[in-house]
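Residues per chain are reported as follows:
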Amino acid sequence: QVQLVESGGGLVQAGESLRLSCAASGLAFSNHAMGWFRQAPGKEREFLAYINWSGASTHYIDSVKGRFTISRDNAQNTVFLQMNSLEPEDTAVYYCAGYHTLWVSAQAMSTPAYWGQGTRVTVSS
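Every chain's residues receive numbers from 1 upward, in the order its sequence appears when written. With pLDDT at 70 or above as the cut-off, local features in this predicted model cover only qualifying residues; side-chain atom pairs require 80 or more to be listed or tallied, and sums for whole chains, interfaces and linings still use all residues. Hydrogen atoms and water are omitted, and side-chain values are computed over all heavy atoms in the structure.

(A) Spotlight on the sheet that holds strand β7 (residues 68-73). DSSP calls a pair of strands paired once it identifies at least 2 bridges connecting them. Strands are runs of DSSP state E lasting at least 2 residues, helices are runs of H or I lasting at least 4, and numbering of each runs from the N terminus. Spatially, four strands are ordered β1-β3-β8-β7 in an open sheet, and the strand pairing comes out antiparallel. Looking at strand neighbours, the two that pair on one side only are β1 (3-7) and β7, the edges of this open sheet. With strand direction ignored, the average angle separating the axes of adjacent strands in the sheet is 15 degrees. Alignment of β1 against strand β3 (residues 18-25), held across five bridges, turns out to be antiparallel. Within the sheet, the bridge partner assigned to Glu6 lies in β3 and is Cys22. Where helices are involved, their axes are fitted lines through C-alpha atoms of the stretch in contact, as for all axes, and angles between N-to-C directions lie from 0 to 180°.

(B) Quick look at the environment of Ala92. Structurally, the position occupied by Ala92 is in strand β9 (residues 92-98). The spacing of Ala92 and Ile51 is 41 residues in sequence and 21 Å in space, taken between C-alpha atoms. Apart from the residues within four sequence positions on either side, Ala92 is in contact with Arg38, Gln39, Ala40, Thr119, Arg120 and Val121. Any two residues whose heavy atoms approach within 4.5 Å at even a single point are treated as in contact.

(C) A look at the packing of aromatic side chains. Only rings of Phe, Tyr and Trp enter the pairing, Trp through its six-membered ring, and a pair is recorded when the two centres are within 6.5 Å. The plane angle decides the type: under 30 degrees is stacked, over 60 is edge-to-face, the rest tilted. Per the counting criterion, the structure on display carries four aromatic pairs. An angle of 80 degrees between the planes, with centres 5.5 Å apart, marks the rings of Phe37 and Phe47 as edge-to-face. You can see Phe37 sitting in strand β4 (residues 34-39) and its partner Phe47 sitting in strand β5 (residues 46-51), a full ten residues away along the chain. Exposure classes here rest on a 1.4 Å probe applied to the protein chains alone. A residue is buried below 20% of its type maximum, exposed above 50%, and partly exposed in between. For Phe47, a relative accessible area of 13% translates into the label buried. Ring centres of Tyr50 and Tyr99 lie 5.8 Å apart, and the angle between their planes is 70 degrees; this geometry places the pair in the edge-to-face category. Within this pair, whereas Tyr50 is found in strand β5, its partner Tyr99 is found in the loop between β9 and β10 (114-115), the two being separated by 49 residues in sequence. Taking relative accessible area as the criterion, Tyr99 reaches 1% and is therefore assigned buried. Members of the aromatic cluster, connected to one another through ring pairs, are Phe37, Phe47, Tyr95 and Trp115.

(D) Layout of the environment of Leu27. Inspection of the secondary structure puts Leu27 in the loop between β3 and β4. For the pair Leu27 and Gly55, spaced 28 residues apart in sequence, the C-alpha separation works out to 17 Å.

Right, here's the structure in full:
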């Protein structure tokens, strides 16, 4: 059974940073691309960032480029999301996601196979 467990969320002020972690189990982690999504209050869940199996390829939505960085440690079965210069608009529940394959096309990034339970991030102004 695949489990993705996020941690690192919390309450911060605008301009501050947070680092989210996602510990994966039940899968051969290095064989799977990973991603991060978020769902803000009253909005649909949206794709944020993607990383392929090795970490050599990443992709971000425009609104977080230059502020957020996705990375992974295959030895620790963990994927990270470093979030800098946080804004109140970043307030959301953040979800870790896993894909079936080593990499996926841009069109497939919005449809992962596995989901974590989410961690809440609140950014105050």
